[in-house]
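Here is what each chain is made of, one letter per residue.
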Amino acid sequence: MFPATALPASAAPGPAGGSEPPPRGSAYLGMGVVRHDGQGGLPVPVRAAQTEGVDVSSHQGNVDWSALWSSGVRWAYVKATEGTYYKNPYFAQQYNGSYTIGMVRGAYHFATPDTTSGAAQADYFVNNGGGWSRDGKTLPGALDIEWNPYGAACYGKTTSGMVTWIRDFLARYKARTGRDAVIYTSTSWWKQCTGNYSGFGANTPLWIARYNTTPGELPAGWNFQTMWQYTSSGPIVGDHNKFNGAYDRVVALANGS
């Protein structure tokens, strides 16, 4: 078993690929984005409606959800699990706190395809906060599949092996919850580690990571992103996101429509 290490916000690890890997359990959405893809300006204004969101993990500790709500944030994703060895110790405050203030919220799982199977990690996720209910306030679980902060970028898997691992996770998650999970990734990682596989786009919502003025090129199979993580240095909580639609579309995703 790996140690279930949680770090306070002030001790968040540096970019993936440093001289010493961070402790197991400390990974979070977008951990390797700046190192691998760089960072540009903030999003350019668009006419289409977009809805502000945040994502949090143990690094944020107890989150000030009231301040985020007042700033215009209306949805959130909370790290629940990693691998089959870690549960976010702040999950209850973050997941329930966002719900209580009025946000639509969901849980995410940081994938470690080199430790256990996709199906095993989907089960661990669902059993520890990653489930779903049609209450209009719960988003489907998200699979965070990105640069490996602990070792080889693609977790030692071939492109076909990675696609199989992701497929197994998605299949088990849907069998357990009745919903297609969201995939969070970056285009550069997806190209390198899945061979730019296009087979998930028809059913699986895409949450793209790109810290720049536009979402940029998307992975094969997706014509648009459902969500976009556009910065790790936003107000109150660093990781800010835009839902590709008005608030009623956020609720529609929560309800499975």
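These lines cover the structure that appears in this document, whether it is placed above or below.

What counts as what
Residues numbered from 1 in each chain as written. Predicted model: local features only at pLDDT ≥ 70, side-chain atom pairs only at ≥ 80, totals over all residues. Heavy atoms only, no water. Buried < 20%, exposed > 50% of the residue type's maximum accessible area, 1.4 Å probe, protein only. Helix = DSSP H or I, 4+ residues; strand = E, 2+ residues; numbered from the N terminus. Pairing = 2+ DSSP bridges. Salt bridge = Lys/Arg side-chain N within 4 Å of Asp/Glu carboxyl O. Disulfide = S-S within 2.5 Å.

**A word on the pairing of strand 8 (residues 227-231)**
Strand residues, when the strand is regular, have side chains that alternate between the two faces of the sheet. Burial within strand 8 is extensive, with five of its five residues counted as buried. In this sheet, strand 8 lies alongside strand 7 (residues 206-209) in parallel orientation, the contact comprising three bridges. Considered in strand 8, the bridge of Trp-207 is made with Met-227. Strand direction decides the pairing type here: strand 8 and strand 9 (residues 240-243), joined by four bridges, are antiparallel. Each bridged residue has a counterpart across the sheet, and for Gln-229 the counterpart in strand 9 is Asn-241.

**A short note on the pattern of salt bridges**
Under the criterion given, the structure shown has seven salt bridges. Lys-174 is the partner of Asp-180 in a salt bridge, and the nearest nitrogen-oxygen pair spans 3.5 Å. Asp-180 gets classed as partly exposed once you look at its relative accessible area, which sits at 25%. The class of Lys-174 is partly exposed, set by a relative accessible area of 39%. In this structure, the salt-bridge partner of Glu-217 is Lys-191, at a minimum N-O distance of 2.9 Å. On the criterion of sequence distance, the pair formed by Glu-217 in the loop between strand 7 and strand 8 and Lys-191 in helix 6 (residues 187-194) is long-range, its members being 26 residues apart.

**Considerations on the pairing of strand 2 (residues 75-82)**
Among the eight residues that make up strand 2, eight are buried, leaving the element largely enclosed by the rest of the structure. Of the strand pairs in this sheet, strand 1 (residues 51-56) and strand 2 are connected by four bridges, and their pairing is parallel. Counted as the bridge partner of Val-54 is Ala-76 from strand 2. The sheet contact formed by strand 2 and strand 3 (residues 86-87) spans two bridges and is antiparallel. Bridge pairing links Glu-82 to Tyr-86 in strand 3. The hairpin formed by strand 2 and strand 3 contains three residues between the paired strands, and Gly-83 there has a positive phi angle of roughly 55 degrees.

**So, the state of the cysteines**
Across all of its chains, the model carries one disulfide by this definition. Two residues, Cys-154 and Cys-193, share a disulfide whose sulfurs are 1.9 Å apart. Here the disulfide of Cys-154 and Cys-193 is left-handed, its torsion about the S-S bond being about -75 degrees. Taken together, the residues span a long stretch of sequence, with Cys-154 in the loop between strand 5 (142-144) and helix 5 (159-177) and Cys-193 in helix 6 at a distance of 39 residues. Per residue, the accessibility class of Cys-154 equals that of Cys-193, and both read buried.

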